[in-house]
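What follows is each chain in one-letter form.
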Amino acid sequence: MAPKAIITDIHPLSTHDGPGLRTTIFFKGCSLNCLWCHNPETINRDPEMEWDAKKCLDCRTCEAVCPENAINFKEHKGYLINKSKCNNCGLCATACPSRALKIVGMDYSVNELLTLILKDEKFIKRSKGGVTFSGGEPALHYPFISDLARKLKGQNFHLALDTCGMAPGKAYEELLPDMDLILFDIKEMDSLKHKAFTGIGNELIMNNLLSIRETIKKKNLKTKLWIRTPIIPGMTNTSENISAIGEFLSRE
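Now for a quick tour of the structure. Since the model is a prediction, treat every value here as computed from it, not as a measurement.

Parameters and conventions
Residues numbered from 1 in each chain as written. Predicted model: local features only at pLDDT ≥ 70, side-chain atom pairs only at ≥ 80, totals over all residues. Heavy atoms only, no water. Core = buried A, V, L, I, M, F, W, Y, C linked by side-chain atoms within 4.5 Å. Buried < 20%, exposed > 50% of the residue type's maximum accessible area, 1.4 Å probe, protein only. Contact = heavy atoms within 4.5 Å. Phe/Tyr/Trp six-rings, centres within 6.5 Å; stacked < 30°, edge-to-face > 60°. Helix = DSSP H or I, 4+ residues; strand = E, 2+ residues; numbered from the N terminus. Lys NZ or Arg CZ within 6 Å of the ring centre and 35° of its normal. Pairing = 2+ DSSP bridges. Axes fitted to C-alpha atoms, helices over the stretch in contact; angles between N-to-C directions. Salt bridge = Lys/Arg side-chain N within 4 Å of Asp/Glu carboxyl O.

Membership of the largest hydrophobic core comes to 45 residues, with the highest contact counts inside it found for Ile25, Phe133, Leu152 and Met179. The residues contacting Leu152, other than those within four sequence positions of it, are Leu114, Ile117, Val131, Phe133, Phe157 and Leu159. In terms of nonpolar packing, the next biggest core, distinct from the first, is built from 14 residues, Trp51, Cys62, Cys66 and Leu101 among them.

Next up, the structure:
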């Protein structure tokens, strides 16, 4: 059986994830839990049911069809689904007339993703764009991405990896040779603050960043390394953090 990965979304012709027009693939599962995460549906590695309160008609059709009694309009407080009971069967999403319910995360094989990417090949290459692996944390899926990346490189696609740096060092060792660009986040230099903001310290992240830099140098790779910092008011936007990041990059 061909290996598969759980994908939450595929954005064709994106302009925000590297140079040119790009197909951005969002992998499910992240090793961090950032307080400001703008893709919270990608944190959990497994498929899960999502409820959009704004679309909900309060018709209670979903409650009637749920075989696990995981939906109770009388009990919910801010969220409709009891995830400890939900088995992601999808019956409620199928029955929902307003599409307020949907399963986030679908299995894709390498060939299925390749077929979708090739549909926009002309637009991507004319704009000098490519494919960006994002998430969640895509490096957690490195065996799958490595397989897909080699097939894409065989067709001369520019490839980028958008990473928080919190993945096994082996992941970057395997992925680097096929990547043209690494988009690497440094969120907070103080490890205690990093843990408070993301759920984990930054030691492995910083070690991976230095290792990536050294691997690029030693193997004479053409991979470019872009450092990015999310500027979050009251958290990462302090002058101390920005200065510390600048000093680290100028020193290293």
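One pass over the structure, following the stated rule, counts three aromatic pairs. On the basis of an interplanar angle of 75° and a centroid distance of 6.1 Å, the ring pair of Phe27 and Phe144 is categorised as edge-to-face. Note that Phe27 is positioned in strand 2 (residues 22-27) and Phe144 in helix 5 (residues 142-153), a separation of 117 residues in sequence. Here a set of aromatic residues connected by ring pairs shows up, and it is made of Phe27, Phe133 and Phe144. Sitting above the plane of the Phe157 ring, Lys125 keeps its charged end 4.7 Å from the centroid.

In this section: the sheet that holds strand 9 (residues 224-228). Read across the sheet, seven strands follow the order 5-1-2-6-7-8-9 without closing on themselves; strand pairing throughout is mixed. Two strands lie at the open edges of the sheet, namely strand 5 (106-109) and strand 9, each paired on one side alone. Strand-to-strand twist across the sheet, computed as the mean angle between neighbouring axes with direction ignored, equals 30°. When strand 1 (residues 4-14) meets strand 2, the two strands line up antiparallel, connected through five bridges. The residue bridging Ile10 from the neighbouring strand is Ile25, located in strand 2.

Moving on: the pattern of salt bridges. For the structure on display, the rule yields 11 salt bridges. Here Arg150 ties to Asp178 by a salt bridge, and the two come within 3.5 Å at their closest N and O atoms. Taken together, the residues Arg150 in helix 5 and Asp178 in the loop between helix 6 (169-175) and strand 8 (181-185) connect sequence positions 28 residues apart. On the basis of relative accessible area, Asp178 is assigned to the buried category, the value being 15%. Across the pair Arg213 and Glu214 runs a salt bridge whose closest N-O atoms are separated by 2.6 Å. Of the residues examined, Glu214 reaches a relative accessible area of 29% and is grouped as partly exposed.

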